[in-house]
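Letter by letter, the chains look like this.
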Amino acid sequence: MNLIADRLNRISPSLTIAMTAKARALKAAGKDVIGLSSGEPDFDTPRNVKDAAIAAIERGETKYTDVAGTLALRKAVCEKFKRDHGIDYTPEEIIVATGGKQVIFDALVATINPGDEAIIPAPCWVSYPDIVQLAEGTPVIVQCGQNAGFKMTPEQLEAAITPRTKWLILNNPCNPTGAAYNAEELKKLTDVLMRHPHVWVFTDDIYEKLAYDGFKPATILEVEPRLRDRTVTMNGCSKAYAMTGWRIGFAGAPAHLIKAMDKLQGQSTSNTCSISQAAAIEALTGPQDSIEEMRKVYERRRNMVVDMLNQAPGIRCHKPEGAFYVFPDMRGCIGKTTAGGKKIETDEDFTIALLEEAGVATVHGAAFLSPGHFRISYATSDEALREACTRIQKFCAAMK
Ligand code: PLP
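Rules of the game
In every chain, residue numbers begin from 1 and rise along the written sequence. Where totals are concerned, whole chains, interfaces and linings use all residues; where local detail is concerned, this predicted model gives features only for residues with pLDDT of at least 70, and gives and counts side-chain atom pairs only at 80 or more. UniProt positions are given in the numbering used here, feature names are shortened, and annotations may be inferred rather than shown by experiment. The helix count covers DSSP runs of H or I at least four residues long, the strand count covers runs of E at least two residues long, and both are numbered beginning at the N terminus. Exposure is read from a count of other C-beta atoms within 10 Å of each residue's own; the residue is exposed at 12 or fewer, buried at 20 or more and partly exposed in between. C-beta atoms are placed from the backbone. Working definition of a contact: two residues with C-beta atoms, positioned from the backbone, lying within 7 Å. We call a set of buried Ala, Val, Leu, Ile, Met, Phe, Trp, Tyr and Cys residues a nonpolar core when their C-beta atoms link them within 7 Å. These domain boundaries are the output of an automatic or database domain assignment. Values of pLDDT, ranging from 0 to 100, describe the predictor's confidence in every residue of the model. Axis angles are defined between N-to-C directions and span 0 to 180 degrees, where every axis is a line fitted to C-alpha atoms and, for a helix, only to the segment in contact. Here roughly perpendicular refers to angles of 65 to 115 degrees, roughly parallel to angles under 35, roughly antiparallel to angles over 145, and oblique to all remaining angles. DSSP calls a pair of strands paired once it identifies at least 2 bridges connecting them. The residue classification treats Ala, Val, Leu, Ile, Met, Phe, Trp, Tyr, Cys and Pro as nonpolar and Asp, Glu, Lys and Arg as charged. All others, Gly included, are polar.

Under an unreviewed UniProt entry, the name given to the chain is Aminotransferase, and the source organism is Neoroseomonas alkaliterrae. The Sequence similarities (unreviewed entry) field of the UniProt record for the chain holds the comment "Belongs to the class-I pyridoxal-phosphate-dependent aminotransferase family."

S.K.: Sorry, what's going on with the overall build of the chain here?
M.R.: When helices and strands are tallied, the chain shows 13 helices and 12 strands. Looking at the chain as a whole, 50% of its 400 residues qualify as buried. Summarising the internal contacts of the chain: among those between residues at least 6 apart in sequence, 72% fall at separations of at least 24.

S.K.: Where do I start with the nonpolar core in this structure?
M.R.: It is characteristic of soluble globular proteins that their nonpolar side chains tend to be buried jointly. Ranked by size, the top nonpolar core spans 123 residues in total, and within it Ile95, Leu168, Ile169, Phe250, Val360 and Ile392 carry the most contacts. A domain-level breakdown of this core finds at least three residues from each of domain 1 (6-44 + 290-397) and domain 2 (47-285). Other than its neighbours up to four places away in sequence, Ile169 contacts Ala118, Ile119, Ile120, Tyr128 and Phe202.

S.K.: Teacher, can you tell me more about the confidence of the model for the chain here?
M.R.: Note that predicted coordinates carrying low pLDDT should not be read in detail. Of the residues in the chain, 100% have a pLDDT of 70 or more, and the chain-wide mean is 96. As a predicted assembly, this complex carries a pTM of 0.96 together with an ipTM value of 0.99.

S.K.: I keep staring at the packing of helix α12 (residues 347-358) against helix α13 (residues 382-397) and nothing clicks. Help me out?
M.R.: Describing two packed helices takes the angle between their axes plus the distance from one axis to the other. In contact at an axis separation of 11 Å, α12 and α13 are set at 110 degrees when each is read in the N-to-C sense. Taken together, the axis directions place α12 and α13 in an arrangement best described as roughly perpendicular. Facing Leu354, Glu357 and Ala358 of α12, the residues of α13 in contact are Arg391, Ile392 and Phe395.

S.K.: It is not clear to me how the sheet that holds strand β5 (residues 165-171) should be interpreted in this structure. Could you clarify?
M.R.: Sheet strands pair by backbone hydrogen bonding; their relative direction is either parallel or antiparallel. Pairing is mixed across the open sheet formed by seven strands, whose spatial order is β2-β8-β7-β6-β5-β3-β4. Looking at the sheet topology across the chains shown, the edges are occupied by β2 (94-97) and β4 (138-143). On average, each strand axis in the sheet is tilted by 20 degrees relative to the strand beside it, whichever way the strands run. Here strand β3 (residues 117-122) pairs with β5 via three bridges, running parallel.

S.K.: I keep staring at the domain arrangement of the chain and nothing clicks. Help me out?
M.R.: The accessible area lost on association of the parts is a frequent measure of interface size. The domain architecture assigned to the chain consists of domain 1 (6-44 + 290-397) and domain 2 (47-285). Taking the mean C-alpha position of each, domain 1 and domain 2 sit 26 Å from one another. Contact with domain 1, which involves 34 residues of that partner, is made by 30 residues of domain 2. Counting residues per element, the ones that place at least two in the side of domain 1 that touches domain 2 are α11 (289-309) and β9 (325-326). Sorting elements by how many residues they give to the side of domain 1 that touches domain 2 places α11 first, with six residues. Considered class by class, the residues forming the side of domain 1 that touches domain 2 number 16 nonpolar, eight polar and 10 charged.

S.K.: Sorry if this is basic, but what is going on with the sheet that holds β9 here?
M.R.: As summarised here, the arrangement of the three strands in space is β9-β12-β11, forming an open sheet in which the pairing is antiparallel. The open sheet has two edge strands, β9 and β11 (363-364), and neither has a second partner. In the sheet, β11 pairs with strand β12 (residues 374-377) via two bridges, with the strands oriented antiparallel. Within β12, the position partnered with Val363 by the bridge is Arg375.

Shown next as structure tokens:
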């Protein structure tokens, strides 16, 4: 009898984490490595948020809370949804979890029956298909290429819907491409959804605060309030407030779904950390200036990285609207041989050779279900990014 359950064979380990670990091991062995593989802000958590956590400890807020989060935090989440997008939720329609990842897990595992389909536009964050598969559902991957700005068209959505479709999972702005939908683009997708009342939509808006050139990412319910009875609006503190380690994600959804997610979470992790919850209240309701300061820095870095990558032979880099990633097309390098003598046949060959020969850690596109590309996270210093892009230019220029 096997010890490990069959269900675990349906999922893969995170390739992003694997690449970050490989880079870390090379660094520990003394190699000069620049890590651009991890999706984590390089900024520190804002001072006011840290102070709120310290004050919560001093007040003794160190005990279990309601599984779905403290009432005070759920009220703060309601205020955030109202302020940012004009969406009215009540605290009974909110759940707080151990990061946005657990919100996704709760929602999908609580609703997917074997064979249910979830439409996922790709390139996509790999946790979506893996969690769908863990829940015995079927991911339906819709490829959205660079020429379409990495966005799904209404025609593609219409063609992907079947009687078994339970979910559309949207990520706006997107990890790994940075592509984002504005209200007009989203409305075309919601018009399709209005014709298919059995389809629910899960919108992962965790990067919404990181958008550039005045672009405003929209969310489903602000463009189509009639989808309220079948929408989950997910967000969190990890990316906007540089709070990845605090583990705060949250969502608004119809109360009957929140109740089911609460039931599942109550038998897995219970509430997320009480101290982090107190900090999240300050993040959501306190001064918001730090978001704008970080956003400006990301915008500057995005511009520099896109410009420099487009000067590397064989690389074509699209300028994304948001998040802190670029997802360049590297197919111009396929068939070539690196200075170190490695023949590049796939995007994975490219990222491994780039790491081993040039000391730059990135993640290959196949890890996001879109081969022929690689992902760079520009959530690191300007200096490191400039050096990394210079190395990529030299690495590509040296290929024959
Ligand atoms: N959604 C997307 C698209 C992400 O990229 C991430 C993190 O990388 C998450 C959700 C989860 O964030 P967390 O669990 O840290 O809140």
